[in-house]
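# Descriptive structure summary
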Amino acid sequence: MESIGVLMACPMNPYLEQELDKRFTLHRFWKVPDKSTFLTSHSNSIRAVVGNASAGADSQMIEALPKLEIVASFSVGLDKIDLAKCKEKGIRVTNTPDVLTEDVADLAIGLMLAVLRKLCESDRYVRSGKWKIGNYSLTTKFTGKRVGIIGLGRIGMAIAKRAEAFSCPISYHSRTEKPEIKYKYYPSVVELAANCDILVVACSLTEETRHIINRKVIDALGAKGVLINIGRGPHVDEPELVSALVERRLGGAGLDVFEHEPEVPEELFGLDNVVLLPHVGSGTVETRKAMADLVLGNLEAHFLKKPLLTPVV
């Protein structure tokens, strides 16, 4: 398969890059100065694109690559891929579900604890020498808090199970109610927010879920509520979130994702009620290798005309 051209959209994982280089003719798109000319000159040789949560295959790229057969995402999210265009042209699409579920769910719980117990702020308190002057202020209990989850898929369910271990009542909102699930369902995000202490965003990013967290939802969550976002940055109306946190209309936030990554609103940097992470939900050595192996397995299966491991389209 060495002669098959594979376009890697952006740097994402050294192991994946190395293995792609061994097995295919790998093109590193982020190193190309004139991308339009490159796509034109390689239009008949590139048969696969590997993307992730930051870069994938949009309509323009797909149109420029008539020999494209498969887009493999090094991510569970698909918002950087034009799925409609892929369906139209018969291009296969894969992602990396399941293997990152546990890490993202772990991180969501970590963010809840970090925000409520002010773990990061307490760490800075010790490092700055302030403990010698006096004890740190009291924080907020996590056990027993009402946790509301937007999106009860693999990751949402994993978060719910973990939160249950902390005696947290669980409720959720999704496109449709899941009769087999024992958790309380709310038909709107505003109702969910009004009836929980911690609101977790764990749904896919679509046009319907873009800015699903808006001023109404934030106001319903309230001055003691906490927002946790381990989904995608554009799920949240970021200016509304920033103003609510600055004005203390929202109690706190734990954010692993942002609307314009890697740009983060500087107004958040000085706040003690916010924990900010650089999109590391699946960022463990073990999981990133498993994700890479899944990308490689899907590509090899496709070109060997075997069933895809994790097909989306």
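Nothing here was measured: the structure is a model prediction, and the numbers come from that model. (Residues numbered from 1 in each chain as written. Predicted model: local features only at pLDDT ≥ 70, side-chain atom pairs only at ≥ 80, totals over all residues. Heavy atoms only, no water.)

A few words now on the UniProt feature "domain: D-isomer specific 2-hydroxyacid dehydrogenase catalytic" (unreviewed entry) in the protein. Per the UniProt record, "domain: D-isomer specific 2-hydroxyacid dehydrogenase catalytic" (unreviewed entry) is annotated on residues 11–312. Across residues 11–312, the secondary structure splits into 35% helix and 14% strand, with the terminal C-alpha atoms separated by 23 Å. (UniProt positions renumbered as here; feature names shortened; annotations may be inferred. Helix = DSSP H or I, 4+ residues; strand = E, 2+ residues; numbered from the N terminus.)

Burial along strand β11 (residues 252–255) is two-sided: Gly-252 and Gly-254 and Ala-253 and Leu-255, pointing in opposite directions, are all buried. Relative to β11, strand β10 (residues 226–229) runs parallel, the two being bridged by four bridges. Looking at β11, one finds that Ile-228 is bridged to Gly-254. For the segment spanning β10, helix α10 (residues 238–246) and β11, crossover handedness is right-handed. (Buried < 20%, exposed > 50% of the residue type's maximum accessible area, 1.4 Å probe, protein only. Pairing = 2+ DSSP bridges. Right-handed = clockwise from strand over helix to strand, strands pointing away.)

For the rest of this paragraph, the subject is the sheet that holds β11. Ordered by their spatial adjacency, seven strands build an open sheet running β8-β7-β6-β9-β10-β11-β12, and the pairing between neighbours is parallel. Two strands close off the open sheet at either side, each with one partner strand: β8 (184–185) and β12 (274–276). Alignment of β11 against β12, held across three bridges, turns out to be parallel. Within β12, the residue paired with Gly-254 across the bridge is Val-275.

Mapped onto the elements of the fold, Arg-232 is located in the loop between β10 and α10. By relative accessible area, which is 12% here, Arg-232 ends up buried. Each C-alpha atom, one on Arg-232 and one on Thr-94, is 19 Å from the other, the two residues being 138 residues apart in sequence. With residues up to four places along the chain from it excluded, the contact list for Arg-232 reads Ala-53, Ser-75, Gly-77, Asp-79, Leu-205, Val-257 and His-279. At 3.0 Å, the side chain of Arg-232 and the side chain of Ser-75 are in polar contact. Polar contacts involving the side chain of Arg-232 include one to the side chain of Asp-79, which spans 3.3 Å. (Contact = heavy atoms within 4.5 Å. Polar contact = N/O pair within 3.5 Å; in protein donor to acceptor, adjacent residues only side chain to side chain.)

The next subject is the pattern of salt bridges. Between side chains of opposite charge, a pair can form when the charged atoms approach closely. The tally for this structure, following the rule as stated, stands at 24 salt bridges. Glu-207 is the partner of Arg-210 in a salt bridge, and the nearest nitrogen-oxygen pair spans 3.5 Å. Classification of Arg-210 as partly exposed rests on a relative accessible area of 37%. Across the salt bridge formed by Lys-289 and Asp-293, the nearest N and O atoms sit 2.9 Å from each other. With a gap of four residues between them, Lys-289 and Asp-293 both fall in helix α11 (residues 285–303), about one helical turn apart. With a relative accessible area of 40%, Lys-289 lands in the partly exposed category. Classification of Asp-293 by relative accessible area gives partly exposed; the value is 31%. (Salt bridge = Lys/Arg side-chain N within 4 Å of Asp/Glu carboxyl O.)

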